[in-house]
There are 2 protein chains.
Amino acid sequence: MTQHTPTQLRIGICGLGTVGAGTLRLLEENKETITRRSGCEIVVTHVATRTPKPELCQNVAHSGDDPLALAADPSVDVVVETIGGYDVAFDVIKTALTSGKHVVTANKALIAEKGNELFALAREKAVTLAFESSVAGGIPIIKALREGLAANEIEWLAGIINGTGNFILSEMTANQSQFADVLQEAQELGYAEADPTFDVEGIDAAHKLTIMASIAFGIPLQFDKTYTEGISKVTPDDINYANELGYEVKHLGIARKTESGIEMRVHPTLVAKSRLLANVNGVGNAILVQGDFVGSTLYSGPGAGAEATASAVVADLIDLARQVVAGATFPVYPALGYRDASNDSPVLAIEEIDAEYYLRIPVIDRVGVMAKISNVLQDQEISIEAIIQKEAASNESVPIVILTHRVKEAKLNKAMAALENLEEITGAIMRIRVEPFHGEAT
Amino acid sequence: MTQHTPTQLRIGICGLGTVGAGTLRLLEENKETITRRSGCEIVVTHVATRTPKPELCQNVAHSGDDPLALAADPSVDVVVETIGGYDVAFDVIKTALTSGKHVVTANKALIAEKGNELFALAREKAVTLAFESSVAGGIPIIKALREGLAANEIEWLAGIINGTGNFILSEMTANQSQFADVLQEAQELGYAEADPTFDVEGIDAAHKLTIMASIAFGIPLQFDKTYTEGISKVTPDDINYANELGYEVKHLGIARKTESGIEMRVHPTLVAKSRLLANVNGVGNAILVQGDFVGSTLYSGPGAGAEATASAVVADLIDLARQVVAGATFPVYPALGYRDASNDSPVLAIEEIDAEYYLRIPVIDRVGVMAKISNVLQDQEISIEAIIQKEAASNESVPIVILTHRVKEAKLNKAMAALENLEEITGAIMRIRVEPFHGEAT
């Protein structure tokens, strides 16, 4: 047993914001256990930050403000990038990889949008670029997809992967509140940013979905092909009608392998109440994964926060330490789970997917309106699974709510356009996709 | 980038029962994807079985009936032990490890009861003894505990880790059925064995809990110190009263680190309905883990079955292949998560734990009986959180149901003994522990 045991892995942290500071604190607080688990000490020797926090850095030998200098410093073994954003973070990671250092990042936007280039560089340099913390915070979903479920053909995955959006929908459901009111509440609680676009319009979720889909199906990262729709148009009425039909409304990221290509889409979704996923409330995240042999497994927990995210960053550091201690000469795990990512299945446009739909159609309650709607749907070969029609108080506009059977979205779009041309239809039709999750129940 | 790339990992499977056959089939069906993920081919070259299945083994070069010969064969790199039981399986694993081979096993009983010896041997030989499939079937919970959550001090974990037991309790809840009737149904469906003792008395769950606790807390495997109580005494009435109080009855394995020592216990448990864990029904498994930084994460999915278990066996094989391909000279992951398992925290006897309790006390409905019960509880400093007292039809025996606040079990035992001496108490008191799960809600 020839055991090459380095006594230390020397860490440089770039950025001491929420995640960077949490990482530093975690490495200090759980030092003894981490060393026992890693087989060597994981020591933060360098920090680069624009906002020095001397009280946090008492045991850090080198503090500075130049992350690029840190990334090139030969006395650093691993660079932790917690700066965020695209520009400096990209340069830091590129410099570190080029200098032959391993990198751990929590930067989902950068991985989803620039990951192909960065992973190619890491591969060329035989170093690791780890990113567990970039998806679903403290839930080890990257490890589950890339390693725990590696024996399976992944058929689909579906997740609540934005805590802000899930908090808003949960509150709207619990209190019959309007989106705008709950958003304001979320901002006051610190769950939503001043500019909430990334969260509520699904961009953050699309970044995470892009990364998971790439690992699940062995395809390159293709953020620009991910369909993204936010939750700002969902109303308390929609949630009530969904509840009445046996569903909750969740903002899901869904990736699926079909015969014609890969689906990647983020949108509000009706989920049957009996599913565990429908019962994940508040700022929690949860991902349901369907593999051909394992069936469906669910991973749930805190998707954000300094401490949960730091847990994932340090898990990556421990993994790295264990590989170095074991004498691995290049990364044990391919970054995206495959030695090559040459699967060239096309990503489907949203018009090409097949789905079931919830439609809320505002109509004038006149004799014959239901027949007209039925005819339009029939013209596109759309069959109806369920209808809710409320009585009108007078001859005001009332909603007709319809659940459809499975149909191609292009056909549904044609039907919606034709419906909106009917004189009895008084406004825009609300459409929410329904996800039946093929495969057994979890 | 000096890449030592073996073209093949040669696998020998001992035992072609459910799991062994599933493993063979999975390796064939998903061959291409597995190779892309592993970086080398994983090929079953040898099989040893007492019940030949030629239709399964068309691509296997060497079939025989002597597992010990296979375990010693120098042309095998990894031995998969799916024989089960203690005797032959133990000898096979020991022979394989001694011959310097890696071993993958699904044998929870053997790992829980003889693992300390086997892991020490694997360590001495610098080979891997992998056992993901031994706990919770296809759910990658070993990987989550050992790697994904490795940055955390694990505070506690609690799991539904026996599908048979969960099926029985779910059916009893759904249909108000008696234990014995549902057990018979489970046997007819193939969910329960002809001799169901291992499942319904909690021994199987105790094996799995022993393994998880060892990884979570860095302690040696101590199956003999795990408190084990089955579900056969739970009645539909208990389930109804629990429901009325806001709880479901689940058969949980619970491990917790306290200041005085480690708790390891398997027993029926009241779980608040709002918890995801309370909503895991049927043959599913789920494990909730509380880490100091990550908070609580939940892992749910199929806990048994040929295909789900094979998924975990092959995940271990892919992990091994990736380590070999990366040039690791000894195992990247310590079997139980720690380079040493020297944490000598004592395991607490069940009398030493603190818990909340559900008590169903059969009484003659007489004036003053509640006062007498209250006095007995007060003598042991047990305070009452909730009471259900039903009116008696006549002066028959009626149950009084009590939820207590937190108290040491030794005190509760004294109170129960004193209560059973009261002349108004007409029979044995049913006691079920309540688990409030300290930490945030998932």
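Values in this document were obtained by computation on a predicted structure and should not be read as measured data.

**Q** I'd like a rundown of the interface of chain A and chain B, residues and numbers included.
**A** Contact residues are listed per partner, giving 61 residues for chain A and 61 residues for chain B. Only α2 (31-38), α6 (141-148), β11 (284-291), β12 (295-302) and α12 (306-325) of chain A provide two or more residues apiece to the side of chain A that touches chain B. Per element, the largest residue contribution to the side of chain A that touches chain B is 10 residues, and it comes from α12 of chain A. The residue makeup of the side of chain A that touches chain B, split by class, is 28 nonpolar, 23 polar and 10 charged. Looking at chain direction, β12 of chain A and strand β12 (residues 295-302) of chain B are connected through three bridges and run antiparallel. Looking across to β12 of chain B, one finds that Tyr299 of chain A is bridged to Tyr299 of chain B.

**Q** Lay out the sheet that holds strand β5 (residues 102-105) of chain A in plain terms, naming residues and giving numbers.
**A** Residues and elements named next belong to chain A. One open sheet accounts for six strands, arranged β3-β2-β1-β4-β5-β6; its pairing is parallel. If you trace the sheet from one side to the other, it starts and ends with β3 (62-64) and β6 (129-130), each paired once. Pairing analysis gives two bridges linking β5 to β6, with the strands arranged parallel. By the bridge assignment, Val103 is partnered in β6 with Leu129.

**Q** So, the relation of the copies chain A and chain B: which residues are in play, and what are the values?
**A** Superposing chain A onto chain B takes a rotation of 180 degrees combined with a translation of 0.0 Å along the rotation axis, leaving an RMSD of 0.0 Å. Put plainly, the chains are arranged around a two-fold axis. Every residue of chain A has its C-alpha some distance from the rotation axis, and the shortest such distance is that of Ala328 of chain A, at 2.0 Å. Interface residue correspondence from chain A to chain B reaches 100%, placing this contact among same-surface, isologous pairings.

**Q** Describe in detail the domain arrangement of chain A, supporting the description with residues and values.
**A** Residue and element names in this part refer to chain A. Each assigned domain of chain A is listed here: domain 1 (8-138 + 306-325), domain 2 (150-301) and domain 3 (350-434). The C-alpha-based centres of domain 2 and domain 3 are spaced at 24 Å. Opposite the 16 residues of domain 2 that make contact, domain 3 presents 14 residues. Sorting the residues of the side of domain 2 that touches domain 3 by element identifies α11 (236-244) and β10 (262-272) as the ones contributing at least two each. For the side of domain 2 that touches domain 3, the element with the most residues is β10, which contributes six residues.

What counts as what
- Residues numbered from 1 in each chain as written.
- Chains lettered and ligands numbered in written order.
- Predicted model: local features only at pLDDT ≥ 70, side-chain atom pairs only at ≥ 80, totals over all residues.
- Contact = placed C-beta atoms within 7 Å.
- Helix = DSSP H or I, 4+ residues; strand = E, 2+ residues; numbered from the N terminus.
- Nonpolar A, V, L, I, M, F, W, Y, C, P; charged D, E, K, R; others polar.
- Pairing = 2+ DSSP bridges.
- Least-squares fit on C-alpha atoms with pLDDT ≥ 70 in both.
- Domains from an automatic or database assignment.

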